[in-house]
Amino acid sequence: MPVTTNPAKDAALRHLGQWGVFLALAALVLFGWGRYENFLDPFNVMSVLRYNGMFALVALGMAFVIMTGGIDLSVGSTAALASVASALASAHGVVAGLGAGLAAGLLVGTVNAVVIVRLRVLPFIATLATMLAASGCALLLAGNQSVSVSYETGFTELGQGDLLGVPVPAWIAAAAYLAGSVVLNLTALGRTVLAVGGNEDAARLMGLPVDRAKALVYLASGGLAGLAGVILAAQFGAGQPIEGVGWELFAIAAVVVGGTLLTGGVGSVGTTLAGVLLLGLIFNILNFENGLGWISLSAYWQSVVRGVFLLVVVILQSRLAGRAEEA
């Protein structure tokens, strides 16, 4: 018996799986606006944008990696290493601090690309190794302590400054996401990234530059993590060698919540940003709830809530994808 399909139902399921994060984000904003007096106060909004700018950068790099069917566990340690490098170089000016952090991130990204593309090591193993190496390098470079940045060169403006009333980290993240959207949607590299994630063998048979695309996404992931490390140092006034723990999990969560499949081949830059904001607002709402005095959730419980939320989203994503295939 032939299987009947409902095109309208198929389209609705696909759109719900892809754009549901925006509905959830809108619902969360409406909930916060109705429950908390200062939730949409400019100070709170700008604080959320400032703090989550660095997470948005890490998630963007992770999104491209996951679209190819890979994973990058080293982004948190890379950001920590970059924060130390930029803090040490900040005394020589903004450009030196920014360049040192980016160089540290690109170095880790290059190692990942070579090991994964040339040596054919599984991304999970390769990036796990560089995660440990980057973490150790950060501690060695910092002498196992925080490294103060220079406040005299203007370096801290990269994390604490504002431009036209909007935090500088938010501007940096917005520029990165705009560039990422152009690359993914309007260039051959973007199409190759999705093709590799969909079926790498088929992409090779089509003559697509698979190895170059994979190398570039790991290089970009390292560079964006390095930039996040620069913002981390500038925002908190010190290079943090033990910071970045769990950043890779936050990035993966934001990417998955945004509808990108962990198996690769499907993804969106815009929904990844929405996933970052959604997870950031959950943390913000929990802080507001603590302030009301009705509940008192420590940072540990906040991690539990985020984990449960991610699990629910992944289950729903899987169910929607299954129903779309069966319909």
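To start, this report covers the structure provided alongside it.

Each value, and the rule that gives it
Residues numbered from 1 in each chain as written. Predicted model: local features only at pLDDT ≥ 70, side-chain atom pairs only at ≥ 80, totals over all residues. Heavy atoms only, no water. Axes fitted to C-alpha atoms, helices over the stretch in contact; angles between N-to-C directions. Helix = DSSP H or I, 4+ residues; strand = E, 2+ residues; numbered from the N terminus. Parallel < 35°, antiparallel > 145°, perpendicular 65-115°, else oblique. Left-handed = near helix turned anticlockwise from the far one by under 90°. Contact = heavy atoms within 4.5 Å. Nonpolar A, V, L, I, M, F, W, Y, C, P; charged D, E, K, R; others polar. Salt bridge = Lys/Arg side-chain N within 4 Å of Asp/Glu carboxyl O. Core = buried A, V, L, I, M, F, W, Y, C linked by side-chain atoms within 4.5 Å. Buried < 20%, exposed > 50% of the residue type's maximum accessible area, 1.4 Å probe, protein only. Expected span 1.5 Å × (residues − 1).

Attention shifts here to the packing of helix α2 (residues 42-67) against helix α11 (residues 247-257). Remark: α2 packs on α11, axes separated minimally by 8 Å, with the N-to-C direction vectors making an angle of 65°. Accordingly, the angle class assigned to the pair α2 and α11 is roughly perpendicular. As for the relative orientation of α2 and α11, their crossing is right-handed in sense. Here α2 contributes Asn52, Met54, Phe55, Val58, Ala59, Met62, Ala63 and Ile66 to the contact with α11, which in turn contributes Trp247, Glu248, Phe250, Ala251, Ile252, Ala254 and Val255. Looking at the contact of α2 with α11 residue by residue, the class counts come to 13 nonpolar, 1 polar and 1 charged.

Right, let's talk about unusual backbone geometry for a bit. A negative phi angle characterises most non-glycine residues, just as the trans form characterises most peptide bonds. Despite not being glycine, Arg120 shows a phi value in the positive range, around 60°. Mapped onto the secondary structure, Arg120 falls in the loop between α4 (94-118) and α5 (123-142).

This part covers the pattern of salt bridges. A full pass over the atoms with the stated rule returns 5 salt bridges. With a closest N to O distance of 3.3 Å, Asp211 and Arg120 form a salt bridge. Here Asp211 is found in helix α10 (residues 210-236), whereas its partner Arg120 is found in the loop between α4 and α5, with 91 residues between them in sequence. In this structure, Lys214 engages Glu200 in a salt bridge whose closest nitrogen and oxygen atoms are separated by 3.5 Å. Placement of the pair is Lys214 in helix α10 and Glu200 in helix α9 (residues 200-205), with a sequence separation of 14 residues.

Position of Arg35 relative to the elements: it lies in helix α1 (residues 7-35). Distance in space between the C-alpha atoms of Arg35 and Glu289 is 9.2 Å, their sequence separation being 254 residues.

Leu57, Met62 and Trp247 are the most contacted members of the largest nonpolar core, which totals 59 residues. With 14 residues, the single largest contributor to this core is α2. Not counting residues within four places of it along the chain, the set of residues in contact with Trp247 comprises Met54, Phe55, Val58, Gly76, Ala79, Ala228 and Leu232.

Looking at the secondary structure, you find Leu73 in the loop between α2 and α3 (75-89). Relative accessible area serves as the criterion here: at 11%, Leu73 is assigned to the buried category. A C-alpha to C-alpha distance of 8.7 Å links Leu73 and Ala126, two positions 53 residues apart in sequence. If we skip the residues at most four places from it in the chain, Leu73 touches Phe124, Thr127, Leu128, Met131, Glu248 and Ile252.

The buried fraction of α11 amounts to 10 of the 11 residues, a majority that puts the element mostly inside the structure. Within α11, the full set of buried residues consists of Trp247, Glu248, Phe250, Ala251, Ile252, Ala253, Ala254, Val255, Val256 and Val257. After α11 finishes, the residue Gly259 shows a positive phi value of roughly 95°.

This part is about the side chain of Ser221. One can find Ser221 in helix α10. Since its relative accessible area comes to 1%, Ser221 is described here as buried. Among all residues touching Ser221, those that are not within four sequence positions of it are Gly61, Met62, Val65, Asp72 and Val75.

What follows is about the packing of α3 against α4. One can describe the packing of α3 onto α4 by two numbers: an axis separation of 7 Å at closest approach and a directional angle of 150°. It follows that α3 is roughly antiparallel to α4 by the angle criterion. Considering how the two elements wind past one another, α3 and α4 form a crossing that is right-handed. Of α4, the residues touching α3 (which contributes Thr78, Leu81, Ala82, Ala85, Ser86 and Ala89) are Ala96, Gly97, Ala100, Gly101, Ala104, Gly105 and Val108. For the contact of α3 with α4, a count of residues per class yields 8 nonpolar, 5 polar and no charged.

Looking at the secondary structure, you find Ser74 in the loop between α2 and α3. Apart from residues no more than four positions distant in its own chain, Ser74 is found in contact with Val108, Asn112, Thr127, Thr130 and Met131.

Right, let's get into α3. With 15 residues, α3 extends 21 Å from end C-alpha to end C-alpha; this agrees with the ideal 21 Å at 1.5 Å per step. Within α3, 14 of the 15 residues are buried, which leaves it mostly tucked inside the rest of the structure.

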